[in-house]
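# Coordinates in review
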Amino acid sequence: MISEEFAQQIAEKIRSGPDLDVLPAPDRAAMKARLKWLASAGKHQIEPQGDWWTIWLMLAGRGAGKTRCASEWLWWQAWSNPGTRWLVSAPTSGDVRDVCFEGDSGLLSVVPREIIVEYNGYNKSQHELKLVNGSLIKGIAASEPSRFRGPQFHGGWCDELAAWDYLDDAWDMLQFGMRLGKRPQIICTTTPKPKPLIIDLVDRDGEDVVYTTASTFDNINNLAPTFRDQIMQYEGTSIGRQEIYAEIIDPEESGIIKRDWFKLWPADRALPRFQYVVQSYDCATSDKTKNDPTACTVWGVFKPNEDKAMSVMLIDCWTEYLQYPDLRPRVVEEYDTIYGDENEFGVGKKVDMILIEDKSAGISLIQDLQRAGMPVRSYNPGQADKMMRLNIISPIIQKGRVYLPESTVNAGHARDWVDPLVNQICAFPEVRHDDLVDSTTQALRMLRDLGFLTIDYVDNKADDYADDTKPRRVNPYAV
């Protein structure tokens with residue numbers, strides 16, 4: 001946030017101001033517009049001091065003035081630096097046009113007409129705004145990350161960053177285009193969501209990122225009088241904390257799976273006797289090793305005691321960026337692993353099934369391993385999307401049927417190698433990668449379908465006769 005001293009300096013500049021009449025018409029119009037904005041802007045809308053930063057991350061509630069702030073900052077940068085190129089990006093092409101350029105607080109509403117090229121200064125179809133000083137403001141939709149290839153810029157504006165569908169891909173491509181001038185700067189305005197990139201940028205605050213926040217109430221006087229009453233119904237709710245107060249909500253709060261649903265297998269107890277062991281693989285969907293690691297989870301089916309139904313324990317998991325020539329021998333090597341501790345029942349359990357989703361590299365892997373005589377089974381989720389698959393197996397975890405091995409050094413917590421899976425599955429879908437989620441859902445779904453994991457378990461009582469001491473349940477529809 002700006003300091004009181006800086007705010008006073010701005011006010012003094014406005015009072016003493018330059019002799020605008022001696023300036024050329026475009027400069028005079030630009031200076032008047034700039035001073036008018038500085039006189040009316042909120043403290044959260046004034047750019048950070050200094051030129052040490054490269055990213056200004058502004059997380060603000062709905063109606064807090066994000067769009068106006070970014071529009072004012074961008075056009076002034078383009079005007080103050082003649083002959084420069086500036087990017088505007090938003091979730092979709094329609095957002096770029098309707099919000100960033102033509103919106104009530106967009107560029108065309110704040111840029112003085114005198115500094116826009118007279119003929120064809122604004123090209124609606126190309127999302128381009130040309131200024132008379134030779135600067136260009138260019139809009140590119142984030143929905144097409146490949147379009148960031150080629151163009152280069154001195155800086156830019158990323159609007160509603162947390163709402164970008166291909167956030168990581170678009171952000172990476174955009175960064176490669178910020179290569180002009182001495183220090184390209186970007187303003188990112190968004191209502192926050194717990195996206196990994198947003199959290200990463202917040203963590204970089206004070207390094208090369210300036211992180212500022214504002215709530216809807218910081219700009220409430222510029223909004224409709226009835227708007228306050230409308231948003232008060234969300235006071236105290238998670239959506240209110242996010243959309244009004246710009247709070248980054250912990251993704252696990254809204255996740256399907258809760259951490260306390262998992263059970264811990266005590267570290268001081270030997271691993272149980274596993275009756276069935278499944279290795280579950282989610283193979284990379286493409287050769288882009290940066291985006292798609294291969295994930296493996298290993299699950300052992302066991303019976304905690306004679307009075308309980310079958311349960312399952314996670315006994316290994318890992319992710320690695322593997323091309324097919326490296327993936328196949330890795331799977332063969334993992335297949336020879338013996339799982340479980342040495343106890344009175346034996347020395348462990350061999351793998352009974354290798355489960356692989358039949359897509360991408362998994363298709364070739366399934367065929368090769370089957371020809372080699374290995375117990376491979378393909379998995380096809382059909383029409384079920386990732387969220388549906390997780391919902392299907394969630395009751396198994398909720399019922400306490402999934403165990404994690406307890407850490408030997410941190411009592412009450414799972415072992416360190418388990419953390420990536422738990423973090424991913426509890427925060428889903430707000431995760432950067434979901435490969436361990438896919439590997440888990442297909443394994444638990446398969447074990448359920450094979451009859452190893454029954455959700456509503458009923459003890460097989462020796463006495464099959466009714467207990468006359470208990471009230472009899474009567475079907476009211478029976479005659």
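Rules used in this analysis
Residues numbered from 1 in each chain as written. Predicted model: local features only at pLDDT ≥ 70, side-chain atom pairs only at ≥ 80, totals over all residues. Heavy atoms only, no water. Helix = DSSP H or I, 4+ residues; strand = E, 2+ residues; numbered from the N terminus. Expected span 1.5 Å × (residues − 1). Buried < 20%, exposed > 50% of the residue type's maximum accessible area, 1.4 Å probe, protein only. Polar contact = N/O pair within 3.5 Å; in protein donor to acceptor, adjacent residues only side chain to side chain. Salt bridge = Lys/Arg side-chain N within 4 Å of Asp/Glu carboxyl O. Pairing = 2+ DSSP bridges. Axes fitted to C-alpha atoms, helices over the stretch in contact; angles between N-to-C directions. Core = buried A, V, L, I, M, F, W, Y, C linked by side-chain atoms within 4.5 Å. Contact = heavy atoms within 4.5 Å. Parallel < 35°, antiparallel > 145°, perpendicular 65-115°, else oblique. Nonpolar A, V, L, I, M, F, W, Y, C, P; charged D, E, K, R; others polar. Phe/Tyr/Trp six-rings, centres within 6.5 Å; stacked < 30°, edge-to-face > 60°. Lys NZ or Arg CZ within 6 Å of the ring centre and 35° of its normal. pLDDT = per-residue confidence, 0-100.

Spacing of three or four residues puts side chains on the same side of an α-helix, whose turn is 3.6 residues. With 16 residues, helix α2 (residues 25–40) should reach 22 Å at 1.5 Å per residue; the first-to-last C-alpha distance of 23 Å fits that figure. All of the buried residues along α2 are Ala29, Ala30, Ala33, Arg34, Leu35, Trp37 and Leu38.

To continue, consider the environment of Lys66. For Lys66, the position within the fold is in helix α3 (residues 66–80). It is 7.6 Å that separates the C-alpha atoms of Lys66 and Gln45, two residues lying 21 residues apart in sequence. Reaching out from Lys66, the side chain makes a polar contact with the backbone oxygen of Gly61 at a distance of 3.1 Å. Among the polar contacts listed, one links the side chain of Lys66 to the side chain of Thr191, at a separation of 3.5 Å.

Now for the pattern of salt bridges. Applying the stated rule across the entire model yields 24 salt bridges. Here Glu252 ties to Arg259 by a salt bridge, and the two come within 2.8 Å at their closest N and O atoms. Salt-bridge contacts for Asp449 lead to Arg445; the nearest nitrogen and oxygen are separated by 3.3 Å. A residue pair is termed a helical-turn pair when its members lie 3 or 4 positions apart in one helix, as Asp449 and Arg445 do in helix α14 (residues 435–449) at 4 residues. Here Asp449 falls in the partly exposed class, since its relative accessible area comes to 46%. The exposure class of Arg445 is partly exposed, given its relative accessible area of 22%. Among the charged side chains, a salt-bridge network with shared partners connects Asp168, Asp200 and Arg432.

Counting buried residues along strand β11 (residues 294–302), 9 of its 9 residues qualify, which places the element largely inside the surrounding structure. Residues Thr294, Cys296, Val298, Gly300 and Phe302 of β11 are buried on one face, and the alternating residues Ala295, Thr297, Trp299 and Val301, pointing to the opposite face, are buried as well. Of the pairings in the sheet, the one linking β11 to strand β12 (residues 311–320) comprises 9 bridges and is antiparallel in character. Residue Phe302 lies in a different strand from β12, and its bridge partner there is Ser311.

Here 8 strands make up an open sheet; going across it, the order is β3-β4-β5-β2-β6-β7-β1-β8 and the pairing mixed. Two strands bound the open sheet, and with one partner strand each, they are β3 (122–123) and β8 (209–214). Pairing analysis gives 2 bridges linking β3 to strand β4 (residues 128–130), with the strands arranged antiparallel. Paired with Asn123 across the strands is Glu128, a residue of β4.

Right, let's talk about the sheet that holds strand β10 (residues 276–282) for a bit. Strand order in this open sheet of 7 strands is β9-β15-β12-β11-β10-β13-β14, and the pairing throughout is mixed. Whereas interior strands pair on both sides, the edge strands pair on one side only; in this sheet they are β9 (263–265) and β14 (376–379). Strand-to-strand twist in this sheet, taken as the mean axis angle between neighbours without regard to direction, amounts to 30 degrees.

Once that is clear, we can look at the environment of Gly150. Inspection of the secondary structure assignment puts Gly150 in the loop between β5 (136–141) and β6 (155–159). The exposure class of Gly150 is exposed, given its relative accessible area of 60%. Along the chain, Gly150 and Phe176 lie 26 residues apart, while their C-alpha atoms are 9.1 Å from each other.

Below, the discussion takes up the nonpolar core. Formed by 35 residues in total, the largest nonpolar core has its most connected members in Ile257, Trp299, Ile397, Ile425 and Leu444. For this core, the elements supplying multiple residues, two or more each, are β10, β11, β12, β13 (353–357), α12 (386–398), β15 (402–405), α13 (419–427) and α14. Broken down by element, this core gets its largest block of residues, 6 residues, from α14. Once you skip the residues sitting within four places of it in the chain, Leu444 turns out to touch Trp299, Val312, Ile393, Ile396, Ile397, Val402 and Leu453. In terms of nonpolar packing, the next biggest core, distinct from the first, is built from 31 residues, Trp56, Leu74, Trp75 and Leu131 among them.

Its 15 residues place the ends of α3 21 Å apart at the C-alpha level, agreeing with the 21 Å of an ideal helix rising 1.5 Å per residue. Burial of α3 is extensive: 13 of the 15 residues sit out of reach of the surface.

With that settled, the discussion passes to the packing of α13 against α14. Geometrically, a packed helix pair is captured by the angle between its two axes and the distance between the axes. Look at α13 against α14: their axes get within 8 Å of each other, and the N-to-C directions meet at 90 degrees. Taken together, the axes of α13 and α14 lie roughly perpendicular to each other. Of α14, the residues touching α13 (which contributes Pro420, Leu421, Gln424 and Ile425) are Asp435, Leu436, Val437 and Thr440. For the contact of α13 with α14, the class distribution of residues is 5 nonpolar, 2 polar and 1 charged.

Now for the packing of aromatic side chains. In this structure the tally under the stated criterion is 12 aromatic pairs. Between Trp265 and Tyr403, the ring centres sit 5.9 Å apart and the planes meet at 75 degrees, which makes this aromatic pair edge-to-face. Taken together, the residues span a long stretch of sequence, with Trp265 in strand β9 and Tyr403 in strand β15 at a distance of 138 residues. You can call Trp265 buried: its relative accessible area is 4%. An aromatic cluster of at least three residues, connected via ring pairs, comprises Trp53, Trp56, Trp73 and Trp86. It is Arg330 that lies over the ring of Trp318; its NZ or CZ is 3.9 Å from the centre.

With that settled, the discussion passes to the confidence of the model for the chain. With 87% of its residues at a pLDDT of at least 70, the chain reaches an overall mean of 88. This stretch, residues 462–466, has a pLDDT under 50; its non-local contacts, to residues over four places away or in other chains, come to 0 contacts.

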